[in-house]
Amino acid sequence: MHKKIVGGGFKKVLYTLNTVRRIGVKDAAKALAAHNACKACGLGMGGQRGGMINELDEFPSVCNKSVQAQSTDIQGPIPLPVFDHTIADFKELSSHEIEHLGRLGTPLHKEAGSDKFEPIGWDDAIARTVERFSASSPERSFFYASGRSSNEAAFVLQLMARLYGSTNINNCSYYCHQASGDGLATTIGTGTSTVELADLGKSDLIFVLGANPSSNHPRFIHQLKNCRERGGHVVVINPAKEPGLVKFAVPKSPKSLLMGGNDIASEYLQPKIATDVAVFKGIAKSIIENQQHNVEFIAEYTRNFDAYLADIEGTSWSEIESITGLSRDNIHAVAEVYAQSENTVFAWGMGMTHHLHGVDNVEAIANLAMLRGMLGKPGAGLLPLRGHSNIQGVGTVGVKPVLAEDVFSAIENELKITLPRNKGMDTMACLQAAERGDIDNALMLGGNLYAASPDSQWAEKSLDNIPFKVFLTTTLNQGHVHGCDNSESIIFPVLARDEEHDPTSQESMFNYVRLSDGGIDRLDNLRSEVDILSDIGMGVVDKSSFDFSTFKQHTTIRHAIAKSIPGMQDLAGIDVAKKEFFIRNRIKHTPEFNMPDNRAVFIVNPHDHPEERKARHAFTLMSIRSEGQFNSIIYEESDSYRDTKHRHSVLMNEDDIASLGLKEKDKVTLRSDTGEMRNLDVVAFDLPRGNIAAYYPEANVLVGQTVDQRSRTPAFKSVPVSVEAQVVIGTAG
Ligand code: SF4
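Residues numbered from 1 in each chain as written. Predicted model: local features only at pLDDT ≥ 70, side-chain atom pairs only at ≥ 80, totals over all residues.

## With respect to the overall build of the protein
Point 1. If you tally the helices and strands in the protein, you get 31 helices and 28 strands.
Point 2. Expected size for 733 residues packed as a compact globule is a radius of gyration near 27 Å; at 25 Å, the protein falls within 12% of this value.
Point 3. With the principal axes as the frame, the protein shows a C-alpha extent of 75 × 70 × 50 Å.
Point 4. Classification of the 733 residues of the protein by burial places 58% in the buried group.
Point 5. Contacts spanning at least 24 positions in sequence make up 77% of the contacts within the protein whose residues lie at least 6 apart. (Helix = DSSP H or I, 4+ residues; strand = E, 2+ residues; numbered from the N terminus. Rg over C-alpha atoms; globule rule 2.2 N^0.38 Å. Buried ≥ 20, exposed ≤ 12 C-beta atoms within 10 Å, placed from the backbone. Contact = placed C-beta atoms within 7 Å.)

## Focus: the packing of helix α14 (residues 276-289) against helix α17 (residues 317-324)
Point 1. Across the interface, α14 lies against α17 with an axial gap of 9 Å and an inter-helix angle of 140°. The chirality of how α14 crosses α17 is left-handed. Every residue of α17 that contacts α14 at A278, V279, K281 and G282 is listed here: I320, I323 and T324.
Point 2. Grouping the amino acids of the contact of α14 with α17 by side-chain chemistry returns four nonpolar, two polar and one charged. (Axes fitted to C-alpha atoms, helices over the stretch in contact; angles between N-to-C directions. Left-handed = near helix turned anticlockwise from the far one by under 90°. Nonpolar A, V, L, I, M, F, W, Y, C, P; charged D, E, K, R; others polar.)

## A few points about helix α28 (residues 554-564)
Point 1. Along α28, the residues that are buried comprise H554, I557, R558, A560, I561 and S564. Each buried residue of α28 sits inside an arc of 160° when the element is viewed along its axis, so together they form one side.
Point 2. Next to the buried residues of α28 lie α7 (151-164), α22 (405-415), β17 (504-507), α27 (529-540) and α29 (574-577). (Arc of directions from axis to C-beta.)

## Side note on the nonpolar core
Point 1. By size, the foremost hydrophobic cluster in this structure holds 176 residues, and its most contacted members are L157, M160, A347 and I365.
Point 2. Considering each element in turn, this core owes the most residues, ten residues, to α7.
Point 3. Composition of this core by domain shows at least three residues from each of domain 1 (80-175 + 407-491 + 526-567) and domain 2 (178-389).
Point 4. Counting 33 residues, the second-largest nonpolar core is a separate cluster that includes V650, M677, F685 and Y695. (Core = buried A, V, L, I, M, F, W, Y, C linked by C-beta atoms within 7 Å. Domains from an automatic or database assignment.)

## Remarks on the domain arrangement of the protein
Point 1. Partitioning the protein into domains gives domain 1 (80-175 + 407-491 + 526-567), domain 2 (178-389) and domain 3 (610-725).
Point 2. The C-alpha-based centres of domain 2 and domain 3 are spaced at 24 Å.
Point 3. In this complex, domain 2 contributes 29 residues to the contact, which on the side of domain 3 involves 26 residues.
Point 4. Looking at the side of domain 2 that touches domain 3, the elements with two or more residues in it are α8 (178-188), α10 (213-216), α12 (243-246), α19 (350-353) and α20 (358-371).
Point 5. In terms of residue class, the side of domain 2 that touches domain 3 is made up of nine nonpolar, 16 polar and four charged.

## What to know about the sheet that holds strand β19 (residues 581-582)
Point 1. Strands sit in the order β17-β18-β19 across an open sheet of three strands; the sheet is antiparallel. Two strands lie at the open edges of the sheet, namely β17 and β19, each paired on one side alone.
Point 2. With two bridges joining them, strand β18 (residues 512-516) and β19 adopt antiparallel strand pairing. Pairing of Y512 across the sheet is with F582, part of β19. (Pairing = 2+ DSSP bridges.)

## Some details on the environment of G50
Point 1. Among the secondary structure elements, G50 is positioned in the loop between α2 (25-33) and α3 (64-73).
Point 2. It is 8.9 Å that separates the C-alpha atoms of G50 and A37, two residues lying 13 residues apart in sequence.

## Some words on the pairing of strand β15 (residues 468-473)
Point 1. The buried count for β15 comes to six of six residues, which makes it a mostly enclosed element.
Point 2. Where burial is concerned, the two faces of β15 agree: the one with F468, V470 and L472 and the one with K469, F471 and T473 are both buried.
Point 3. Examined bridge by bridge, strand β14 (residues 441-445) and β15 share five bridges and lie parallel to one another. Counterpart to M444 in the pairing with β15 is F471.
Point 4. Pairing analysis gives six bridges linking β15 to strand β16 (residues 488-493), with the strands arranged parallel. The partner of T473 across the bridge, within β16, is P493.

## A word on the sheet that holds strand β3 (residues 118-119)
Point 1. Spatial strand order, β3-β2-β16-β15-β14-β4-β5: seven strands in an open sheet with mixed pairing. Each of the sheet's edge strands pairs with one partner strand only, and the pair in question is β3 and β5 (169-171).
Point 2. Across the sheet, helix α6 (residues 122-134) is in contact with β2 (108-110), β4 (141-145), β14, β15 and β16; its angle to β16 comes to roughly 135°.
Point 3. Set on the sheet, α7 makes contact with β4, β5 and β14; between it and β4 the angle comes to about 170°.

## Structural notes on the packing of α14 against helix α18 (residues 328-340)
Point 1. For the pair α14 and α18, interaxial distance at closest approach is 9 Å and the crossing angle is 65°. Crossing geometry of α14 relative to α18 is assigned as right-handed. Along the contact surface, α14 presents G282, I283, S286 and I287, while α18 presents I331, H332, V334, A335, Y338 and A339.
Point 2. Grouping the constituent residues of the contact of α14 with α18 by class yields seven nonpolar, three polar and no charged.

## Concerning the pairing of strand β21 (residues 619-624)
The side chains of a regular strand alternate between both faces of the sheet.
Point 1. Where burial is concerned, most of β21 is hidden: six out of the six residues are buried.
Point 2. Both faces of β21 are covered, namely the face carrying F619, L621 and S623 and the face carrying T620, M622 and I624.
Point 3. When β21 meets strand β28 (residues 719-725), the two strands line up antiparallel, connected through three bridges. Bridge pairing in β28 places L621 opposite V719.

## Points about unusual backbone geometry
The phi angle of most residues is negative, glycine excepted, and most peptide bonds adopt the trans form.
Point 1. The amide bond that connects F59 to the next residue, P60, takes the cis arrangement and shows omega of -10°.
Point 2. By secondary structure assignment, the location of P60 is in the loop between α2 and α3.
Point 3. Residues Y696 and P697 are joined by a peptide bond in cis, for which omega reads 5°.
Point 4. As for its position among the elements, P697 is in the loop between β27 (691-695) and β28.
Point 5. In the Ramachandran plot, A274 falls in the positive-phi region, its phi being about 70° despite a non-glycine side chain.
Point 6. The residue A274 is located in the loop between β10 (267-269) and α14 in this model.
Point 7. One non-glycine residue with positive phi stands out, namely K578, at about 55°.
Point 8. The residue K578 is located in the loop between α29 and β19 in this model.

## Description of the environment of I320
Point 1. Looking at the secondary structure, you find I320 in helix α17.
Point 2. Sequence-distant contacts of I320, that is, excluding residues within four places in its chain, are made with A278, K281, G282 and T315.

The following block contains the structure:
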């Protein structure tokens, strides 16, 4: 029997204090108190109000993820003798070990025929980069950004790539929330949250859909707890019963700690993996059957309701029950809570987007919000829970394969330039082109594209098939040592956000733009991302087209963004006024949508039948992140919220374990059409039968290259797999 786990609590406080002690109390305090945006999740914290304060002036708004993120930056430089080791030696290191070698303190070069990194001077590294990109045609290159970088660096990246002549510009959202942007665009004409943080405080119902904020957006739990304390409801819909969403002891609240935690979910539905459209149709069906929909809102502010109504009426309860594995009564109960709500916020994570029908899922959520008029008023709306701290900003300032025509024109007018209009390749398409030998050069601004990609063996080969790669990073990760055996690469060490010599800006998932002062001195041989990108831009773009030396000042870049990116006007003076702001026209407190005739649109999609896709495999696997990790960065091997001692574990329903003749801690192999994972420990977990979970990014060896055709997102969370018992030789009998 597993022990009862409560999320948060004193152990989180102790863990955070231990991390602070390990990195040094003085250094940690300096980093946390400085006026910089939190480096971890997209919820957003810090900036000009103070290092541990959110936009509602709540203090302290810090969490252990924030401290963890600081812990890798507050390290000394990797000693140069470490680079006497071969690439093969580096590959032996775990993700945790390689990140904790220290900060990268010098540019590195790896020749195509070499098996080692060699330190290289800055000028030589820039010159080599310029030489390689100049020698190839722009269509044979791609440019990728993670959500770590600033708005300023991201804007320079996309502009430099476009002026160089490549439109293969993408960011890591193609592996996470692209489906959210696409699904919001088709329904309400925007791509981001319609609510601000303050709206959560006015809601009486928060849906948490396919997300585990107890581990991934810790401070969001505070909002859920507050909603419950106001007498509101929190409905969680997630195949896995996550202990941190059942009960959570909020570290900031002595009462919460003393009473052993607060109940978080008031209702918890556990549908089978990838059946979400059917779940939402079930909730809608109940609402419509009971005449609880908002007829006035639908008539006045939406379109296409008749088609939606016909689809819902044409979907039978027996079909909904058999697809989702949920009972009609359980769906009715949640629908009734929704029907009684005055103000509902729908928040979702990658449990909605990491599927072959991620955009359909997001559209189904938006439909449900429209059905009861939960859009276009304070306290209600749609909230994608974005991952990395500036992933939303990176997309806002143009790191994507094509821009809206008005943005193209505005940039061209402002900077007196001409930009290519053709749509470039998304992230998967770039790697597939690399596999075919169609890519010569790639530049990666942060991130770990190797670990983030599906089909790990294929990803490694595809990356190695790119003759020349450039990375900008603060620390080494597996993406720098996998996929480089036969190719050349240069790794530039960059300043972290709080070390920049010139302030930078970041955008939270609530569309709130913060200014980070930077200014903390840690290592002396690092450069700003903007500085490096501008130098490369000066080399690969003719000065008569655009002079990138003008972009060495972040203020100049911010003025260009303010003049050309919709809603960003207030960025121009942010470093003088120190006034942070919400991007204009994004938060929807009135029912006017960015669509023709200002109406939101109901979108009808067929519901998925994931059982039919399983074919040769009996189980559907979702990849999950642990309490001790952030994106692909691993801080701890164990997962305290799920009681797994190490990451080489597979979480299964206990009846499935028994039916396979297994018991907990037995070793199994997972096999998919793409790959296999051996020696996994079986762990019993509250999941629907036939559904299992294993940790990302390790489980990416099982994930295929098939993508949601609409958002181009791989199905990281619905992989058909087989579970095979491993015979342990010598212990039989
Ligand atoms: S919840 Fe997110 S933004 Fe807030 S402190 Fe934690 S990691 Fe930073």
